[in-house]
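One-letter residues, chain by chain:
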Amino acid sequence: MACLLEAPLRISVLSEVTATSRHYVDRLFDPDPQKVLQGVIDMKNAVIGNNKQKANLIVLGAVPRLLYLLQQSSSSLELRTECAVVLGSLAMGTENNIKSLVDCHIIPALLQGLLCPDLIFIEACLRCLRTVFISPVTPVQLLYTDPTVIPHLMSLLSNSQKTQEYITQIFSHCCKTPEHQTVLFNHGAIQNIAPLLISPSYKVRMQALKCFSVLAYENTQVSMTLVNVLVDGELLSQVFVKMMQRDQPIEMQLTAAKCLTYMCRAGAIRTDDSCIVLKTLPCLVRMCSKEHLLEERVEGAETLAYLMEPDVELQRIASTTDHLVAMLADYFKYPSSVSAITDIKRLDHDLKHAHELRQAAFKLYASLGSNDEDIRKKPILESGVIELLCSLTQSDSSALRVNGIWALMNMAFQADQKVKVEIVRCLGTEQLFRLLSDPDTNVLMKTLGLLRNLLSTRPHIDQIMSSHGKQIMQAVTLILEAEHSIEVKEQTLCILANIADGNTAKELIMTNDDMLQKIKYYMGHSNVKLQLAATFCISNLIWNEEDGSQERQDKLREMGFVDVLHKLTQASDPNLSDRAKTAMQQYLA
């Protein structure tokens, strides 16, 4: 009997909730304007912090009526303002709520409301617009549909601290493309927003700072303009430097560091400028330490990686600053000590997002070791990170496997023999060849890249091929025979060309007629990239100045390679014909 009673009880409760919600909506249609106003105020109080009530009111059609009342010139300003407040509250619910509001054309209605001269109403409309636009489900392009909107928003910036906060927050969330940057720049974003950096309101300063970070990102025009801007007689870059001081909130330090990083990468500030070397870089390294929140560590590491990426000197400085390499190793072990974290909510949050820490560390390791061998030996051999990265290549997550092997690939680039041997030892040949048959193409490509980097410089090629030559040749054969993309096969043929450059390793190709036939096949392939890579391989095998070149030339002549090379000298692609001519000259010398 209990089971039979349960359903009617649920229905009666649902009916009661729906009836209550219906009552709120019905009052919006009352002919008495005063009752309508009171109904909106009561609705406002009912929805605060109540997502279920918000959803019910949306389903029952409250939004179109509220928007109608908001847009009616016959409605009192108080009523229009209260409607904007309620709509803003509904927008603070779930993403589905936002979708419903956008579908009801809330954005053009609120933008139209900004033409009203009443400041309190404008602020209510802007607050609601801000809430709608910061949602990831809102198409930001809706801000740019009407060309009069951006200049009007710029004109409202000076009205109050609230308009400044809401408008700059809207801009920072809706500036997603170079086109958006250009629109905002052309409508005076820099000169209108710069004074807000010294506003007495922290919220205004923070949102203005965020605006500059999104405007400057990979934008030379904006960055070059920013570097000459004065704010209350002080250069903007110095204002950003002050915002990075340790006594400022972490969010402000990080965002100011991002602004200077983006200006530097865009060429507006030199990499050896003191504001970069002595302020920005140390600030970002500081953000990587474990006393900071996960999001701060991730953002700090990613921004630091971006700052250092093209500059060897910055990489050197960072690698010796505040034990950065050791801090990054800790990213892979998070959380290293559960007992040390007393905030259980923080622990739970960080555990769920620990992969973001690892991703950030991958980027930073790759950036640190991208240009300088001494630095690479220092991220790698001293910190024990190779073992960590090798273990991540065994992850069930393809994203982790890709990033693990990608980081190892970068570490192996132009590395010395000690580093390469350590990578091969830690990874193990079984795992290396497992990765070469990985179903994820990205994993396969990065593994081929790793193998190519390991097999560079003759002593390294000969040493690795003497130990693992049989397995590597088997893997190369399987890839060339299987259905793979042009990119995968090109990378594989490049590995073969590296092997052909070894002193002793090249014999593994010369004694393998099946492999030689495959190279011949790809020399005649319809894709130029594959022809080039295959021809490069043959060129290495027949090079005159090396021991045994005559015997190799004779064998390859007998197998018909000279005829193929002669044909390729007439190829329409100049690179291919040049490569074939260079190879042919080895026979004529």
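Criteria and thresholds
- The residue numbering used here restarts from 1 in each chain and proceeds along that chain's sequence as written.
- Restriction of local features to residues with pLDDT of at least 70 applies here, the model being predicted, together with a cutoff of 80 or more for giving and counting side-chain atom pairs; totals for whole chains, interfaces and linings are based on all residues.
- Calculated side-chain values reflect all of the structure's heavy atoms, with hydrogen atoms and water omitted.
- A run of DSSP states H or I qualifies as a helix once it reaches four residues; a run of E qualifies as a strand once it reaches two. Both are numbered from the N-terminal end.
- What a helix should span is 1.5 Å times the count of its residues minus one.
- Partly exposed residues are those whose accessible area sits between 20% and 50% of the maximum for their type, while under 20% is buried and over 50% is exposed, using a 1.4 Å probe and protein chains only.
- Cysteine sulfur atoms are paired as a disulfide whenever they fall within 2.5 Å.
- Buried residues of nine kinds, namely Ala, Val, Leu, Ile, Met, Phe, Trp, Tyr and Cys, make up a nonpolar core once their side-chain atoms join them within 4.5 Å.
- Residues are treated as being in contact if the distance between any of their heavy atoms lies within 4.5 Å.
- Using a 1 Å grid laid over the protein atoms alone, points where a 1.4 Å probe fits but cannot get out form a cavity; open sets with protein on both sides within 12 Å along at least 5 of 7 lines form a pocket; any residue with an atom within 4 Å of a point counts as lining.
- Grid points are joined across faces, edges and corners, and a volume is the space filled by probe spheres set on the points.
- Here the nonpolar group is Ala, Val, Leu, Ile, Met, Phe, Trp, Tyr, Cys and Pro; Asp, Glu, Lys and Arg are the charged ones; every other residue, Gly included, is treated as polar.
- UniProt positions are given in the numbering used here, feature names are shortened, and annotations may be inferred rather than shown by experiment.
- In this description, one arc is meant: the one made by directions from the helix axis to the C-beta atoms.
- When two rings of Phe, Tyr or Trp (its six-membered ring) have centres within 6.5 Å they constitute a pair, described as stacked for plane angles under 30 degrees, edge-to-face for angles over 60, and tilted for the intermediate range.
- By salt bridge we mean one thing: a side-chain nitrogen of Lys or Arg within 4 Å of a carboxyl oxygen of Asp or Glu.

The name an unreviewed UniProt entry assigns to the protein is Armadillo repeat-containing protein 8, from the organism Stegastes partitus.

Student: Account for helix 2 (residues 33–47), with residues named and values stated.
Tutor: When the terminal C-alpha atoms of helix 2 are compared, their 21 Å separation across 15 residues agrees well with the 21 Å that a helix rising 1.5 Å per residue should span. Inspection of helix 2 places Val36, Leu37, Gly39, Val40, Ile41, Met43, Lys44, Ala46 and Val47 among the buried residues, and these make up the whole buried set. Directly after helix 2, the chain includes glycine 49, whose backbone phi takes a positive value near 70°.

Student: Would you mind going over the state of the cysteines in detail, with residue names and values included?
Tutor: Scanning the entire structure with this criterion turns up zero disulfides. Unpaired in this structure, cysteine 83 has its nearest cysteine sulfur neighbour in cysteine 125, at a distance of 10.0 Å. For the unlinked cysteine cysteine 426, the closest cysteine sulfur is that of cysteine 390, found at 5.1 Å.

Student: Can you break down the nonpolar core residue by residue, with the values?
Tutor: Phe240, Leu496, Ile509 and Ile519 are the most contacted members of the largest nonpolar core, which has 201 residues in total. Not counting the four nearest positions on each side in its chain, phenylalanine 240 is found in contact with Leu197, Leu209, Phe212, Ala256, Cys259, Leu260 and Met263.

Student: Go over empty space enclosed by the protein, please, and point to the residues and values.
Tutor: Applying the stated criterion across every chain yields a total of one cavity of 30 Å³ or more. Considering the residues around the largest cavity, the lining is formed by Val424, Leu427, Gly428, Thr429, Leu432, Leu450 and Leu454. Elements represented by at least two residues in the lining of the largest cavity include exactly helix 26 (417–427), helix 27 (429–435) and helix 28 (441–454). When grouped by side-chain class, the residues that make up the lining of the largest cavity number five nonpolar, two polar and no charged.

Student: An account of the side chain of asparagine 403 is requested, with residue identities and associated values reported.
Tutor: Mapped onto the elements, asparagine 403 comes out in helix 25 (residues 398–412). Under the relative-accessibility criterion, asparagine 403 is labelled buried at 12%. Not counting chain neighbours up to four residues away, the residues in contact with asparagine 403 comprise Gln359 and Phe362.

Student: Explain the UniProt feature "repeat: ARM" (unreviewed entry) in the protein residue by residue, including any values.
Tutor: According to UniProt, the "repeat: ARM" (unreviewed entry) feature falls on residues 61–97 and 427–469. The span residues 61–97 shows a helical share of 76% and a strand share of 0%, and its end C-alpha atoms are spaced 12 Å apart.

Student: Could you give an account of the environment of proline 195, naming the residues involved and the relevant values?
Tutor: With respect to the secondary-structure elements, proline 195 resides in the loop between helix 12 (189–193) and helix 13 (202–216). A relative accessible area of 47% places proline 195 in the partly exposed class. C-alpha separation for the pair proline 195 and aspartate 232, spaced 37 residues apart in sequence, amounts to 7.6 Å.

Student: Account for helix 6 (residues 95–103), naming residues and giving values.
Tutor: In an α-helix there are 3.6 residues to a turn, and that puts residues three or four apart on one side. For helix 6, the complete set of buried residues consists of Asn97, Ile98, Leu101 and Val102. Buried residues of helix 6, seen end-on, are gathered within an arc of 135° and therefore sit on one face of the element. Along helix 6, exposed side chains directed more than 90 degrees from the buried face belong to Asn96 and Asp103. In this structure, the buried residues of helix 6 make contact with helix 3 (51–59), helix 4 (62–71), helix 5 (77–91), helix 7 (106–113) and helix 8 (119–133). Among the residues trailing helix 6, histidine 105 stands out with phi positive, at a value near 65°.

Student: Tell me about the packing of aromatic side chains, and please be specific about residues and values.
Tutor: Counting across every chain of the model gives five aromatic pairs. Relative to tyrosine 306, the ring of tyrosine 262 lies with its centre 5.9 Å away and its plane at 75°, an arrangement referred to as edge-to-face. Pair noted here: tyrosine 262 is in helix 16 (residues 250–265) and tyrosine 306 is in helix 18 (residues 294–308), with a separation of 44 residues, a long-range link. The two residues tyrosine 262 and tyrosine 306 agree in class, both being buried. Considering the side-chain rings of tyrosine 521 and tyrosine 522, the 4.9 Å spacing of their centres and the 75° angle between planes classify their relative orientation as edge-to-face. The class for tyrosine 522 is buried, based on a relative accessible area of 3%.

Student: Which residues make up the layout of surface pockets, and what values go with them?
Tutor: Within this model, the largest pocket holds a volume of roughly 490 Å³. Forming the boundary of the largest pocket are 24 residues, of which Ser172, Lys210, Ser213, Val214 and Lys258 lie nearest the centre. Breaking the lining of the largest pocket down by element, the ones donating at least two residues are helix 10 (161–174), helix 11 (178–186), helix 13, helix 16 and helix 18. The element contributing the most residues to the lining of the largest pocket is helix 16, with six residues. The residue makeup of the lining of the largest pocket, split by class, is eight nonpolar, eight polar and eight charged.

Student: Go over the pattern of salt bridges, please, and point to the residues and values.
Tutor: Enumeration over the complete set of coordinates arrives at 20 salt bridges. Glutamate 299 is the salt-bridge partner of lysine 258, the closest N and O atoms lying 2.7 Å from each other. Remark: glutamate 299 occurs in helix 18 and lysine 258 occurs in helix 16; sequence separation between them is 41 residues. Its relative accessible area of 16% is what places lysine 258 among the buried residues. Aspartate 438 is the partner of arginine 401 in a salt bridge, and the nearest nitrogen-oxygen pair spans 2.8 Å. Of this pair, arginine 401 sits in helix 25 while aspartate 438 sits in the loop between helix 27 and helix 28, and the two are 37 residues apart along the sequence. Across the pair, exposure class does not vary: arginine 401 and aspartate 438 are buried alike.

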